[in-house]
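# Geometric and topological summary
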Amino acid sequence: MAKPRENYREDVAGRANVEDTPELLAYYDELDTYNAGALWTVANKIEPWEPKSDSVPVLWRYRDLRSHVLRSVDLVTPEKAGRRVIYLNNPGRTDVAAAVGWIYAGLQVMHPGERASAHRHSASAVRFIMEGSGAYTVVDGHKMTLGANDFVLTPNGTWHEHAVESSGTPCIWQDGLDIPLVNALEANFYEVHPDLSQAVTYAVDDMTKTWGNPGLTPNGGNWSKGYSPMFKYEWAPTYEALGRYAECTDGSPFDGVLMEYVNPASNGPVMKTMGASMQMLRPGERTRAHRHTGSYLYHVSKGRGHSIINGQRFDWQERDIFCVPSWAWHEHANASDTEDACLFCLNDLPVMRSLGLYREEAFGDNGGHQPVVA
Ligand code: GTQ
C-alpha cells in the first residue's frame, strides 16, 4: 500500500498539477528507494512564484532583554563560554540560529577587566556598540577603542578578540555574523589563536585614522583585500554626515536619509557578504512601504518610532532591534516631531547584488502605506 505524501499541486497553466493515483503513489515510493523523486510533486514548492521567507518579523526590545543579558555575567565566564553572548533566535530560523534569513546576531556582554580569547573563522562579523565604556577589539594587531553606536568590522579570516579595560564599565554590544550563510555554503572553518590573545602591533585606532577621512585617501594607500581597511566607523562623523546630507536631499520616499557604510578603497560594501547602512528619519517623517530581496536587521541607534512589516506594527525605541525578512513589505515612522530617529541596518545586500538576485518593488495602494492587521 503506497503511503500518502505531500503533493504541491497548482491549477495554473505551466505549473505542476498531477493528481495522485495508486499507480503514481507506488511509483513515487519506488523512486524513494533509489534516493530519487518526481519533480512535479515538489516543483511548486521549490520554485515559489516569489521568495517565501521562513523568517518572521520580530522586535527584540532592549528593556526586556537587557537584564537577562547582564545576568549571564553571573552565570558564565568568557573563558568557559568562549563568547558570552545571548543570541537572537528567529522563531522561523531556530534550526540555523539566525536572527533573520542567513544572518546571525547576538548581544555580547563584558565586564571591566574581562577578555574573550582571540580566534578567527570563515564567517565575517560586525559589532555595533550599545552601552558602556572601555571596550576594545583587536583585529589582526589593530586595536580599536569602542564607543556607543560605533560600527566595527572583524572580517572573515582575521584574528580578533574583545575586551574591556579595567578602568571601564560593563559593556554590551550587538554582534552580527554571516554564520548561517557560511554554514549553508558548508565553508565554515574555525581556529583558536595559539596564544589565546594577539599582540597589538599598530598605533591604536590607526585604520580609522588612516582610511576614515572624508574625501581623502592616504598617500600610497594600497588595499586590495575583499573587505574594508577601515575597521571602525565612529558614530560622531556618521551622524554628522547624515545631517549634512539631509540639508540638501529630499531623501528616499522609502528610507528617508540613508547612507551606506563603504570600503574607502573600493567604494563598495564593507565586506563581501554583509553590508550596513545608517538612516535618519527626520522629525515627523513617515516613509512609504516597499519590499526587496535580502535580509535586514535594524538596530535603533537614536529616537523612537514604529515600523509596519507585512501589515504588523512594531513600536521601537533606542537600542531595540528588529528584522525585516526577504520580500517583506516595510515602512518606518519617526514618533517625534522635534527629534530625528536613526536606524542602523545590517544586511546581506552584497550577496544579493553580486549574485544578481536583488529586486525591489514599491507598495502601490493607499498612498504607499500598508493596511495594519495587528
Ligand atoms: O566574536 O567572533 O556573537 O564567533 C558569535 C560567534 C561572536 C565573535 C558571536 C562569534 C563571535
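Our subject is the structure that appears above.
First things first, this report covers the structure right here in the doc. Treat the numbers as computed from the prediction; the structure is a model and nothing was measured. Throughout this description, residue numbers start from 1 for each chain and increase along the sequence as written. Totals for whole chains, interfaces and linings use every residue, but because this is a predicted model, local features are given only for residues with pLDDT of at least 70 and side-chain atom pairs only at 80 or more, for both listing and counting. Calculated side-chain values reflect all of the structure's heavy atoms, with hydrogen atoms and water omitted.

Now for the sheet that holds strand β8 (residues 151-154). Two strands form a pair only when DSSP identifies at least two bridges running between them. Secondary structure follows DSSP: runs of H or I at least 4 residues long count as helices, runs of E at least 2 residues long count as strands, and numbering of each begins at the N terminus. Taken together, 6 strands build an open sheet; the order of strands is β2-β3-β10-β5-β8-β12 and the sheet is antiparallel. Of all the strands in the sheet, just β2 (85-87) and β12 (232-233) have a single pairing partner and so form its edges. Note: strand β5 (residues 125-131) against β8, 4 bridges, orientation antiparallel. Each residue of the ladder has a partner; that of Phe 128, found in β8, is Phe 151. Against the sheet, helix α3 (residues 62-75) contacts β2, β3 (104-110), β5 and β10 (171-177), and its axis sits at roughly 55° relative to β3. Should any heavy atoms of two residues lie within 4.5 Å, those residues are counted as being in contact. Orientation is described by axes fitted as lines to C-alpha atoms, over the contacting stretch for helices, and by angles from 0 to 180 degrees between their N-to-C directions.

Attention now moves to the environment of Val 372. In this fold, Val 372 is placed in the segment after β22 (360-362). Judged by relative accessible area, which is 45%, Val 372 ranks as partly exposed. Buried means the residue's accessible area, taken with a 1.4 Å probe over protein chains only, is under 20% of the maximum for its type, while exposed means over 50%, and partly exposed covers the values in between.

Bringing the packing of aromatic side chains into the picture now. Two rings from Phe, Tyr or Trp (for Trp, the six-membered ring) form a pair when their centres sit within 6.5 Å of each other. Planes less than 30 degrees apart are called stacked, planes more than 60 degrees apart edge-to-face, and all others tilted. This structure, assessed with the given rule, holds 16 aromatic pairs. The rings of Phe 128, Phe 151, Tyr 233, Tyr 261 and Phe 344 are connected pair by pair, giving a single aromatic cluster. Only Lys NZ and Arg CZ are tested; either one counts as a charge over a ring when it is within 6 Å of the ring centre and within 35 degrees of the ring normal. One residue, Lys 143, lies across the ring of Tyr 136, its end atom 4.1 Å from the ring centre. The lysine or arginine in question, Arg 353, covers the ring of Tyr 358, its NZ or CZ lying 5.7 Å from the ring centre.

Bringing the nonpolar core into the picture now. Take the buried Ala, Val, Leu, Ile, Met, Phe, Trp, Tyr and Cys residues and link them wherever side-chain atoms come within 4.5 Å; each set so joined is a nonpolar core. Within the largest apolar cluster, 52 residues are counted, with the highest numbers of intra-cluster contacts made by Trp 60, Leu 107, Phe 151, Tyr 261, Met 278, Leu 297 and Phe 344. Non-local contacts of Phe 151, meaning those with residues more than four positions away in its chain, are made with Val 126, Arg 127, Phe 128, Phe 231, Lys 232, Tyr 233, Tyr 261, Val 270, Ala 276 and Phe 344. Val 300, Phe 314, Val 324 and Ala 328 belong to the second-largest nonpolar core, a separate cluster that totals 15 residues.

Here the focus is a nonpolar patch on the surface. Patch definition: residues above 30% relative accessible area lacking any salt bridge, with like charges linked at up to 9 Å and the nonpolar side chains Val, Leu, Ile, Met, Phe, Trp and Tyr linked at up to 5 Å. Note on areas: these come from Shrake-Rupley sampling with a 1.4 Å probe, and a residue is covered only by the protein chains present in the view. What counts as a salt bridge is simple: a side-chain nitrogen of Lys or Arg found within 4 Å of a carboxyl oxygen of Asp or Glu. A surface patch of nonpolar side chains, amounting to about 260 Å² of accessible area, comprises Leu 39, Val 42 and Ile 46. Relative to the helices and strands, Val 42 resides in the loop between α1 (22-32) and α2 (43-46).

A word on unusual backbone geometry. Phi is positive for Ala 97, close to 55°, though the residue is something other than glycine. Within the secondary structure, Ala 97 sits in the loop between β2 and β3. Located in the positive-phi region is Asn 149, a residue other than glycine, with phi close to 70°. Relative to the helices and strands, Asn 149 resides in the loop between β7 (142-145) and β8.

What follows deals with the state of the cysteines. In plain terms, two cysteine sulfur atoms within 2.5 Å form what is called a disulfide here. Summed over all chains, the structure comprises 0 disulfides. No disulfide involves Cys 323; its sulfur sits 11 Å from that of Cys 345, the nearest cysteine. Of the residues examined, Cys 323 reaches a relative accessible area of 0% and is grouped as buried. The closest cysteine sulfur to the non-disulfide-bonded Cys 342 is located on Cys 345, 13 Å from its own sulfur.

It is worth spelling out the pairing of strand β9 (residues 160-164) at this point. Counting buried positions along β9 yields 5 of 5 residues, so the element is predominantly enclosed. Burial along β9 is two-sided: His 160, His 162 and Val 164 and Glu 161 and Ala 163, pointing in opposite directions, are all buried. Bridging between strand β4 (residues 115-121) and β9 involves 3 bridges; their strand directions are antiparallel. For Arg 115, the partnering residue across the bridge sits in β9 and is Ala 163.

Bringing the pairing of β4 into the picture now. Summarising the sheet, β4 and strand β11 (residues 190-192) pair through 3 bridges and their orientation is antiparallel. Bridge pairing in β11 places His 121 opposite Tyr 190.

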